[in-house]
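A closer look at the structure
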Amino acid sequence: MAPVYMLDFSVFKPPEEYKLNHDAGIVNASKWSMYVEENAQFQLKVVEKSGLNRDGTYLPPAIHPTFAKEPKYDMKTAMVEAEMVMGGVVADLLEKTGVKPEQVDILITNCSIFCPTPSLASMLINKFKFRRDVQSYNLGGMGCSIGVVAIGLVRDMLQAHPNSIALFVPAEITTYCFYPGKIKDYLVANAIFRMGGAAVLMTNKPSLVKRCKYQLTHAVRVHTGQDDAAYRCISWGPDPDGVNGVFLGKDVPLQAGIMLEAVIKAVTPRIMTWGQYMEAAWFMYNKKVLGNPAYKRYVPDYTKCADHFALHAGGYAVLKGIQKGMNLPIEAVLPSFASLRDMGNTSSSTTWYSIAYLETQKMVTRGQTIMQVGAGGGMKGGVNIWKALRDTHSSHPAWLHCAGRPYSDEDLPRRVNEKENALQKAQMRQAEADAVTDGSKSAIQRAIEIQANAESQELGVAAL
């Protein structure tokens, strides 16, 4: 298989005036006809639990309490945000790479919920005047994970079209996702989803290899939608009152843990070191041949498998669970928690904000690898492994406010090393006891479940 490279990428930086101060937002939103004080306080509590900055993250004017006398979330208004986000990030990427629209051979866009006709791909074709023979596709209804998963599709498209340039644009349009109802399982989305998007240029042109930032070495995906619970735990549609919104079921963390375990398990043998292969062989010998009960499940040191990690920043509980389950140090997950802190859950573009953070902080050097992990409804997920072809010290506008001073644990709204409460400690002890007799659940599954269940009991809804 011929190698595939990433030339460069951009993430959208919303206008500074779109930043949301949640305390002021509640005051302004109290004038909306749909306002319910109990629901407003509930959403603020979700914001705090999920790890978003109370004085940060961004919303478009149509649903921003500072700008909107009443929220507007119709398709025409949503297209304004789509043109701003997707058009803006593509323009930035084309300008900084010097690639002309007529040089793009393949265009793939993604937005899970907002799927207008003509498509978002057609909107960009009209805006930038891409060629008539551009291979264009729009992906809809595929959730947060597609920003990672679709890289496999881009790779396959490039394999089918040698000597080409592909442009991938993942985004979610928050205007159209806005939920004006009263059901808590739907209100969570209002609290965590925020404005954002990304654009990625990939190529297999030999003439561009020297200019490329990364080589894609692995792209793995899984789909657990064969299971009814996994298929139904996240959806878009009407609530019991007939009001459309994003439904997040209480079993989302459980199903996310099952899916993440599957996709990480699938990629792990491909990225382990030779020393880890030997460790795994010794482990299996003791477990299978000698029957030693001390050997239950081999988990490699993932910091030896990859140098950096960009994990889907969907919420604190799942991120914390992944960190525990993979036994990652705080430093490895800070880029993902930073993305959650300042940008919120930007759906399919979250991991690209994390990689942009790594680059802005000048953390990625030649030869290092980035493990990009996506998770989303369906349930489905993917892992991409990117190898840096050079020092990738780019300054992304979305992160210039903290350039040169990486975040520490103390800078986060909820610290990564936050002390476990009594319930979490009790659940962890029980989980460890269960693991002695039941090896069916991985460390990732157990950690996500424990973290999310403790918080879900407090919120009464799925804790992400």
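Residues numbered from 1 in each chain as written. Predicted model: local features only at pLDDT ≥ 70, side-chain atom pairs only at ≥ 80, totals over all residues. Heavy atoms only, no water.

By the naming in an unreviewed UniProt entry, the protein is 3-ketoacyl-CoA synthase, taken from Tetradesmus obliquus. According to UniProt, the comment filed for the protein under the heading Pathway (unreviewed entry) is "Lipid metabolism; fatty acid biosynthesis." Taken directly from UniProt, the Sequence similarities (unreviewed entry) text for the protein runs: "Belongs to the thiolase-like superfamily. Chalcone/stilbene synthases family." (UniProt positions renumbered as here; feature names shortened; annotations may be inferred.)

This next bit is on the packing of helix α3 (residues 75–97) against helix α4 (residues 120–128). Each pair of packed helices can be summarised by the angle the axes make with each other and by the distance between the axes. Direction vectors running N to C along α3 and α4 enclose 55 degrees, while the axes themselves pass 10 Å from each other. The angle between the axes of α3 and α4 places the two elements in the oblique class. When the axes of α3 and α4 are compared, the crossing they make is right-handed. Facing α3, whose interface residues are M79, A82, E83, M86, G87, V90, A91 and L94, α4 presents L120, M123, L124, K127 and F128. Partitioned by chemical class, the residues of the contact of α3 with α4 number ten nonpolar, one polar and two charged. (Axes fitted to C-alpha atoms, helices over the stretch in contact; angles between N-to-C directions. Helix = DSSP H or I, 4+ residues; strand = E, 2+ residues; numbered from the N terminus. Parallel < 35°, antiparallel > 145°, perpendicular 65-115°, else oblique. Left-handed = near helix turned anticlockwise from the far one by under 90°. Contact = heavy atoms within 4.5 Å. Nonpolar A, V, L, I, M, F, W, Y, C, P; charged D, E, K, R; others polar.)

Burial analysis of strand β11 (residues 380–388) places eight of its nine residues in the buried class, which makes it a mostly covered element. Bridge analysis of strand β10 (residues 369–376) against β11 gives eight bridges, and the strand direction is antiparallel. Paired with Q372 across the bridge in β11 is N384. (Buried < 20%, exposed > 50% of the residue type's maximum accessible area, 1.4 Å probe, protein only. Pairing = 2+ DSSP bridges.)

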